[in-house]
Amino acid sequence: MLCSSCYSETKEHFCRKCRIKLFDGAKVSSILRFKAPKEDNFETYQQHTKRLSISGVQLKYSLRLETNNLVLSQKNGQYILKPIPPARQIQAIDDAPENEHLTMQIAEQIFKIRTAPNALLYFEDGQPAYITRRFDLKTNETKYLQEDFAQLLSRSSDSHGQNYKYDGTYEAIGTLIKKYVAAAPPALEELFKQITFNYIISNGDAHLKNFSLMLLETGEYCLTPAYDLMCTKLHTPYESDTALELFEDCMNSDFYSIYGYHGRSDFMAFAKKLQLVEKRATDMLKKFMASENQIISMVEKSALSDSSKNLYLKNLRDQIFRMGY
Ligand SMILES: [Zn+2]
């Protein structure tokens, strides 16, 4: 069978490497011992879990590892569990958990983007759920101070209205990284890689709250691992290509004015604004352009439905074409 996290061949639900990364080596089943949240057990869920947040329609639950079992927990959650979102009007919604798991694995394995450990699990009744290990916990279970870029840019629904998460540019995130992060150049490269990845993979919802800084014990800030990555076009096909503009006025670039979408030259202009070494940015873009076959083989191994696999790859080919000139 395939590992429920990294898709490698293994005899158990998780390969050894992923068992260590996700569960500190504990032998955990990828099948949970409880059912998915539904109307008839919703109350029980609410009693036993702290509902972490509702971002859009997504409900998140908190889990703990007790001996070899993952259990719903109210306090000291170590994992975040995301079942199929309850919104039926969104396309291919049953594929949402695997979409996120697959996209996070592509980011990590193919593009070496730092990500939170994650996997695809199943409830007792067969419904899939995405799980991710919290990266903000210290070994003594206290938390690292973490702030997302909506907070860092002082954007809230009170100050900037309902769409506050979309009120900013990726360049503005870069400017704050230069201000706060001691090792800024690698963090800026990481940001560039994540933004380019989101474009190639059709993640149109990478808003200000999907990037964060974390305060380390050394007193330095660093960019957190990537989270909430998915091909959003699978579920909301008409949304814009990027959640934020790359930089102020980027839609007035020569390329965008002609084609109506971003291409390589816009990303190179973005890299310049982040003050990346040009060759490093060129090499990163080349890597994205050359990785189609690796992505295809991972999509094939995934648990997406056949129609979602086709759409995932169609979007990928469209985006690679756009970046190709
Ligand atoms: Zn694995």
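Residues numbered from 1 in each chain as written. Predicted model: local features only at pLDDT ≥ 70, side-chain atom pairs only at ≥ 80, totals over all residues. Heavy atoms only, no water.

### A few points about the coordination of the zinc ion
The condition that has to hold: Note on donors: an N, O or S atom is included if it sits within 2.8 Å of the metal, or within 3.2 Å for Na, K and Ca, and water is never included, so sites can look incomplete. Tetrahedral means four donors with every angle between 85 and 135 degrees, whereas square planar (four donors) and octahedral (six donors) require angles over 155 degrees between opposite donors and between 65 and 115 for all others; sites fitting neither are termed irregular. Type-normalised accessible area, obtained with a 1.4 Å probe on protein chains alone, sets the label of each residue: buried when under 20%, exposed when over 50%, and partly exposed for intermediate values.
Bound to the zinc ion are the protein donor atoms Cys 3 (SG), Cys 6 (SG), Cys 15 (SG) and Cys 18 (SG), situated 2.3 Å from the metal. Classification of the site at the zinc ion rests on its four donor atoms, whose angles at the metal span 101 to 118°, yielding the label tetrahedral. Within one chain, the residues serving as donors to the zinc ion are arranged as C-x2-C-x8-C-x2-C. The exposure classification of Cys 6 matches that of Cys 15, with both residues buried.

### Topic: the domain arrangement of the protein
Heads up, the rule is: Domain borders in the structure are assigned automatically or taken from a domain database. Accessible area, probed at 1.4 Å, shrinks when two parts are joined; the buried area is that loss added up over both. The term salt bridge refers to a pairing of a side-chain nitrogen on Lys or Arg with a carboxyl oxygen on Asp or Glu at a separation within 4 Å. Definition of a polar contact: a pair of N or O atoms within 3.5 Å, with one able to donate and the other able to accept a hydrogen when the atoms are protein atoms, and with sequence-neighbouring residues admitted only if both atoms are side-chain atoms. Where helices and strands are cited, they refer to DSSP runs of H or I of at least four residues and of E of at least two residues respectively, numbered from the N terminus.
Here the domain parsing of the protein yields domain 1 (16-133) and domain 2 (146-323). On a C-alpha basis, the centroid separation for the pair domain 1 and domain 2 is 24 Å. Summed over both sides, the interface between domain 1 and domain 2 buries roughly 2600 Å², with carbon and sulfur atoms accounting for 64% of that surface. Looking at the side of domain 1 facing domain 2, the largest losses of area belong to Ile 110, Phe 111 and Arg 114, adding up to 26% of the total buried there. Taken together, the connections running from domain 1 to domain 2 amount to one salt bridge. Inspection of the domain 1/domain 2 interface yields 16 residue pairs in polar contact (both at pLDDT 80 or more). Secondary structure elements with two or more residues in the side of domain 1 that touches domain 2: α3 (96-110) and β6 (118-122). In terms of residue count, the dominant contributor to the side of domain 1 that touches domain 2 is α3 (twelve residues).

### With respect to unusual backbone geometry
One non-glycine residue with positive phi stands out, namely Asp 24, at about 50°. Along the chain, Asp 24 turns up in the loop between α1 (16-23) and α2 (42-48). Its identity as a non-glycine residue notwithstanding, Lys 112 has a phi of 55°, on the positive side. If you trace the backbone, Lys 112 turns up in the loop between α3 and β6. When its relative accessible area of 58% is taken as the criterion, Lys 112 is described as exposed.

### Considering the sheet that holds strand β8 (residues 146-148)
In a beta sheet, neighbouring strands are held together by backbone hydrogen bonds and run either parallel or antiparallel to one another. Where we set the bar: By definition, two strands form a pair when at least two bridges between them are found by DSSP. Lines fitted to C-alpha atoms define the axes, with helix axes restricted to the stretch in contact, and inter-axis angles between N-to-C directions lie between 0 and 180 degrees.
The three strands are arranged β8-β9-β10 in an open sheet whose pairing can be described as antiparallel. Of all strands in the sheet, those with a lone pairing partner are β8 and β10 (221-223), marking the two edges. With direction set aside, neighbouring strand axes in the sheet form an average angle of 25°. In this structure, β8 lies alongside strand β9 (residues 212-215), joined through three bridges in antiparallel fashion. Residue pairing across strands places Glu 147 opposite Leu 213, the latter belonging to β9.

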